[in-house]
Amino acid sequence: MTTALLIDDDSHLLETLAANATEEGLELRTASTWEEGLALFHVLAPTLVIADYNLPGSAHGLKLLLEVKKLRPSVRVILVSGVVNPDELYKVESLGVVDRVISKGAGVEATKQLLEEIACANRAKAEPPDWQAFAQAHI
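Residues numbered from 1 in each chain as written. Predicted model: local features only at pLDDT ≥ 70, side-chain atom pairs only at ≥ 80, totals over all residues. Heavy atoms only, no water.

This brings us to the environment of valine 92. For valine 92, the location among the structural elements is in helix H4 (residues 86–94). Accessibility expressed as a relative area gives 14% for valine 92, which makes it buried. Taking the C-alpha atoms as reference, valine 92 lies 29 Å from tryptophan 131; in sequence the two are 39 residues apart. In this structure valine 92 touches Leu62, Leu79, Val97, Val98 and Val101, once residues within four positions along its chain are discounted. (Helix = DSSP H or I, 4+ residues; strand = E, 2+ residues; numbered from the N terminus. Buried < 20%, exposed > 50% of the residue type's maximum accessible area, 1.4 Å probe, protein only. Contact = heavy atoms within 4.5 Å.)

Take a look at the structure:
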């Protein structure tokens, strides 16, 4: 089982986060398309999925995260975006369909926030499963 999966078409972001995660000893896999991301989700069973809102050539990242949640409700999902204004991101977050929304416009701060989420997922992976919470997520 993989800890975190990042799906984004921004190759610079993928490379930067992957390099930083590796430096910090964190487990992160990356994908650049909806199709590749969903395939890796099925194969790797990550505990955290981060997806870009605007995935060219495919459905929006929000739809991908909704699909991921439908397949496995216990997975933590985070939406990232560099094109949607902060008010719209807040509206998406307040709907409760994703666990967190992060704006890429923050640059270094966004990278820091994403690495913190990945580190948290890595720490949670080391803990024994909370089967009661797992069962509740599937009800």
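So, about the sheet that holds strand S4 (residues 76–81). The strand order S2-S1-S3-S4-S5 describes an open sheet built from five strands, whose pairing is parallel. Edge strands, defined here as strands with exactly one partner in the open sheet, are strand S2 (28–31) and strand S5 (100–103). Averaged over neighbouring strand pairs, the angle between their axes works out to 20° when direction is ignored. With five bridges connecting them, strand S3 (residues 48–52) and S4 associate as parallel partners. Its bridge partner being in S4, isoleucine 50 is matched across the sheet by isoleucine 78. Its contacts with the sheet put helix H1 (residues 11–23) on strand S1 (4–7) and S2, and the angle it makes with S2 is roughly 170°. Along the sheet, helix H3 (residues 61–71) makes contact with S1, S3 and S4, crossing S4 at roughly 180°. (Pairing = 2+ DSSP bridges. Axes fitted to C-alpha atoms, helices over the stretch in contact; angles between N-to-C directions.)

Our next topic: the nonpolar core. Ranked by internal contacts, the top residues of the largest apolar core, which has 22 residues, are Ile7, Val49, Leu64, Val68 and Val98. No other element matches helix H2 (residues 34–44), which puts five residues into this core. Once residues lying within four places of it in the same chain are set aside, the contact partners of isoleucine 7 are Ala31, Thr33, Gly37, Val49, Ile50, Ala51, Asp52, Leu55 and Leu64. Formed by 19 residues, the second largest nonpolar core is a distinct cluster that contains Leu14, Ile78, Ala119 and Ala121. (Core = buried A, V, L, I, M, F, W, Y, C linked by side-chain atoms within 4.5 Å.)

The next point concerns the pattern of salt bridges. Inspection of the entire model under this criterion finds six salt bridges. Notably, a salt bridge pairs lysine 70 with glutamate 67, separated by 3.7 Å at the nearest N-O pair. Note that lysine 70 and glutamate 67 are positioned in helix H3 at a spacing of three residues, about one turn of the helix. With its nearest N and O atoms 2.8 Å apart, the salt bridge here joins arginine 100 to glutamate 117. Separated by 17 residues along the polypeptide, arginine 100 in strand S5 and glutamate 117 in helix H5 (residues 108–126) bring together distant segments of the chain. (Salt bridge = Lys/Arg side-chain N within 4 Å of Asp/Glu carboxyl O.)

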